[in-house]
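Spelled out from the first residue to the last, the chains are:
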Amino acid sequence: MTETLWRVDSADTTLLLTARNTTDVPSIVWFGDLLPENACKDSAMIAALTDLPLPMAKLDASVSLSLFPQRSSGIDCMPALKGHFDGRFFDHHLYRDSVELDDQEVRIVLKDTAAQLEVILQLALHRTTGVLSITTTLINHADSTYNVDWLASASMPLPGSYRECLHLHGRWGLEFQQQRTVISPGTLMLHSHRGRTSHERYPGVMVGAAGFNENTGDVMAANLAWSGSHASTIELLSDGRLCYQSGVSLDPGECRLESGESLQTPVCYFKRHTCGGLNQVSHALHQTMRAEILPAWTRTERPVHANSWEALYFNHDIDTLKSLIDAAAEVGAERFILDDGWFVARRSDNAGLGDWVVDSNIYPDGLHPVVEHVRSRGMQFGLWFEPEMINPDSDLYRDHPDWVLHLKPHATPLARNQLVLNLDLPQVFDYLYQHIAALVREYRIDYIKWDHNRDLIMAGDGVRSRLMQQTRACYCLMQKLTTEFTELEIESCSSGGARADWGVLSYTGRVWTSDSIDAIDRVQIQRGYSYFNPPEIMGAHVGHAEAHLTGREINIHTRAIVALQGQYGYEIDARKLDDDEKQTLLGYVSFYKANRSWLSSSRTWRLDSAVDNLVCSGLVSEDQCISWWFSVAQASLSQTVAGNMVLCGLNPAVDYQVRLASSNLHQLRTFSKKVPDWLTSGAVVNGAVLMTIGLSLPVMPAQSALLIEVKC
Ligand code: GLA
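### Digging into the environment of Thr558
Relative to the elements of secondary structure, Thr558 occurs in helix 10 (residues 556-563). Separated by 73 residues in the primary sequence, Thr558 and Ser631 place their C-alpha atoms 9.9 Å from one another. Apart from residues no more than four positions distant in its own chain, Thr558 is found in contact with Ala519, Ile520, Gln703, Ser704 and Ala705.

Listed below in structure tokens is the structure:
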């Protein structure tokens, strides 16, 4: 028996792989805290420590849970690859051909010479953050067609102590809701078969030892960078081993590799922190995302948006728009986004999608008067598109009914009166590229709100599924546009937050997390989003006093404070604001502008709360000199007094000036006989004290919020 070890280190993490025999697929022995340099050089010792006992009534030899589980090995879990050559080689047997270790990367080549299949596993450990990325490539060297039913991006063994999973579920208008699930014997499956990331299930999880919370516990994140159908599983085997897998969820017959063809999966990212809880894991994810994934423009100061949607819906006219633009400029907006309703026949959501031509009935001189007005007020201009979609009531559909995804002979169900274009058809891709590029060029569009408002159902080319290709073609279209227009920024919107994964965020760089601008609903939506994504790529708008989606009345301070958790903006009819409201918003917007330079590299600290309905979090600058702390009462609190808010991530050796930064003290005073002294006078407090004793909060009635600034 020859044991082989491969080791990669980052600043805080060690990845240790092992294989018993020369042909075995490597397994992960350790992925977690950095191990001492000399700790595991002795491969015989590692072999002895990881030697598996052999229970009765199973195979006669023990089986490792490798990085590429295969049924032919006898392992009980779901295989990393399911496929066949017209029924042959339904069980493949890929053995290790080579392992190359190069700096931070490991490249493992597996081969099945009988089936003539090759698999390449590529692992890379991010040098500073310890985030591990894994992608898998399958190559068909045989003469015949190989049908792929499932190819995991990654198969990751989880520590045996892990028994809880935090995942994000939701629905339209209420995305990123946090759900804790106990991992029990069997399989936990989280998936979307709808051709988009979905409102229902985000393709990432936080898994850990029971009871992990924001600041304590052993937690691992797994996050699949993919915007189409996806599936993730966590299996607890009868021998106690745990396996996580995730990948693209393929339709039957969708992926056929002809001789010589290959399939490379999207990347799956992992990060483990053995004691620091969810916050530490999020920090590493956010840093990796900023350094490796997001477009460079996300690192510039994020402008204040004003979006026309909830102010106008489809009721566009130039004079109204001009007055809306003026009003938005008066409350500090720096970029005006003309939402849905500007193109031909688009007077409701029944018609027009696909005809990307400005409606000359409303805009006889094109969008020029509007764009010029926007620019004359010192703002950038953004425009809404929904490129992948088409209304049957459109010229494009009348001319090219065969351009839509469909499955003969059935009619595809409509959603929001629309169908989906087959982006993988070159003529469709070119049509969209030409039309969008022409508009970007003509109006020097700074920003596109790229929407995607329906699930993909029966998404075929008439016969075969095109789901995976659709997602890839969309990435290509975004890539092509941003390559030609290097300054162009794109936001990912999908009826709110149904496309908010790390796949699309390589091309976009901002997400509209929800169509609900109800600040109270947003508290949990934004918190859920923050597990995987940093604040500067979260569109967060001040909405109307009565939230359009929920009818809830929320005061202006709470709306503004919650919007300050992300890229601050407005989705409001600013013409209707009274002077007091304008002054209030001007206060918050200037506070945002004065601070946004550090927000884009800040650390997010979500705080655990023992008080029902109290949600607290903070954003701390990289140099720990300045931080913002948010406290929101989502509903009536379970106790009269909210208690102390204990801060995190500050420098314990530094004295900070603490002050209430929100301008709502007058409101808060009316709910108690007295507010804590520091709220009126401010205080100078040592970082260590703020992180142990904390700050006493005032009585907080339902739907109230506070913003506290802590500064060196
Ligand atoms: C989707 C988006 C909204 C808005 C509308 C326009 O619902 O999420 O923000 O852009 O489309 O039709």
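### Considerations on the site of the ligand
Of all residues adjacent to the ligand, which total 13 residues, the nearest are Asp339, Asp340, Arg416, Lys449 and Asp515. Contacts to the ligand include Asp451, whose side-chain N or O atom sits 2.9 Å from an oxygen atom. Considered on its own, the ligand offers 300 Å² of accessible surface; in the complex 96% of this is hidden by protein. Residue classes in the shell around the ligand are distributed as four nonpolar, three polar and six charged.

### Description of the packing of aromatic side chains
Tallied over the full model, the rule gives 24 aromatic pairs. Judged by centre distance (4.9 Å) and plane angle (15 degrees), the ring pair of Phe591 and Trp628 falls under stacked. Residue Phe591 is found in helix 11 (residues 579-599), and its partner Trp628 is found in strand 34 (residues 626-633); the two are separated by 37 residues along the sequence. Each member of the pair, Phe591 as well as Trp628, carries the same accessibility label: buried. Members of the aromatic cluster, joined through ring pairs, are Trp342, Phe343, Trp356, Trp384 and Phe385. Its guanidinium or amino end placed over the ring of Phe212, Arg180 lies 4.0 Å from that ring's centre, counting from NZ or CZ. Over the ring of Tyr531 we find Arg606; its NZ or CZ atom is 3.8 Å from the centre of that ring.

### Considering the sheet that holds strand 39 (residues 705-711)
Sheet architecture is open: six strands sit in the order 32-33-34-39-36-37, paired in antiparallel fashion. The open sheet is flanked by strand 32 (603-607) and strand 37 (683-686), the only strands paired with a single partner. Strand-to-strand twist in this sheet, taken as the mean axis angle between neighbours without regard to direction, amounts to 25 degrees. Where strand 36 (residues 655-660) lies against strand 37, four bridges are found, and the strand directions are antiparallel.

### Points about the domain arrangement of the protein chain
Structurally, the protein chain comprises domain 1 (81-292), domain 2 (303-333 + 514-600) and domain 3 (604-711). Relative to domain 2, the C-alpha centre of domain 1 lies at a distance of 36 Å. Of the residues lining the interface, 23 residues belong to domain 1; the matching set on domain 2 comes to 20 residues. Between domain 1 and domain 2, the buried area comes to about 1,700 Å², and carbon and sulfur atoms account for 60% of it. Of all residues in domain 1, the largest losses of buried area upon contact with domain 2 belong to Phe176, Gln178 and Arg290, amounting jointly to 28% of the total for that side. Seen at the junction of domain 1 and domain 2, the total is two salt bridges. With a shortest N-O distance of 3.6 Å, Arg527 and Glu214 are connected by a salt bridge. For the pair domain 1 and domain 2, the interface holds nine residue pairs in polar contact (both at pLDDT 80 or more). Residues of the side of domain 1 that touches domain 2, tallied by class, amount to 13 nonpolar, seven polar and three charged.

Quick notes on the rules
- Residues numbered from 1 in each chain as written.
- Predicted model: local features only at pLDDT ≥ 70, side-chain atom pairs only at ≥ 80, totals over all residues.
- Heavy atoms only, no water.
- Helix = DSSP H or I, 4+ residues; strand = E, 2+ residues; numbered from the N terminus.
- Contact = heavy atoms within 4.5 Å.
- Near = heavy atom within 4 Å.
- Polar contact = N/O pair within 3.5 Å; in protein donor to acceptor, adjacent residues only side chain to side chain.
- Areas by Shrake-Rupley, 256 points an atom, 1.4 Å probe, with all protein chains shown as cover.
- Nonpolar A, V, L, I, M, F, W, Y, C, P; charged D, E, K, R; others polar.
- Phe/Tyr/Trp six-rings, centres within 6.5 Å; stacked < 30°, edge-to-face > 60°.
- Buried < 20%, exposed > 50% of the residue type's maximum accessible area, 1.4 Å probe, protein only.
- Lys NZ or Arg CZ within 6 Å of the ring centre and 35° of its normal.
- Pairing = 2+ DSSP bridges.
- Axes fitted to C-alpha atoms, helices over the stretch in contact; angles between N-to-C directions.
- Domains from an automatic or database assignment.
- Buried area = accessible area lost by both parts, 1.4 Å probe.
- Salt bridge = Lys/Arg side-chain N within 4 Å of Asp/Glu carboxyl O.

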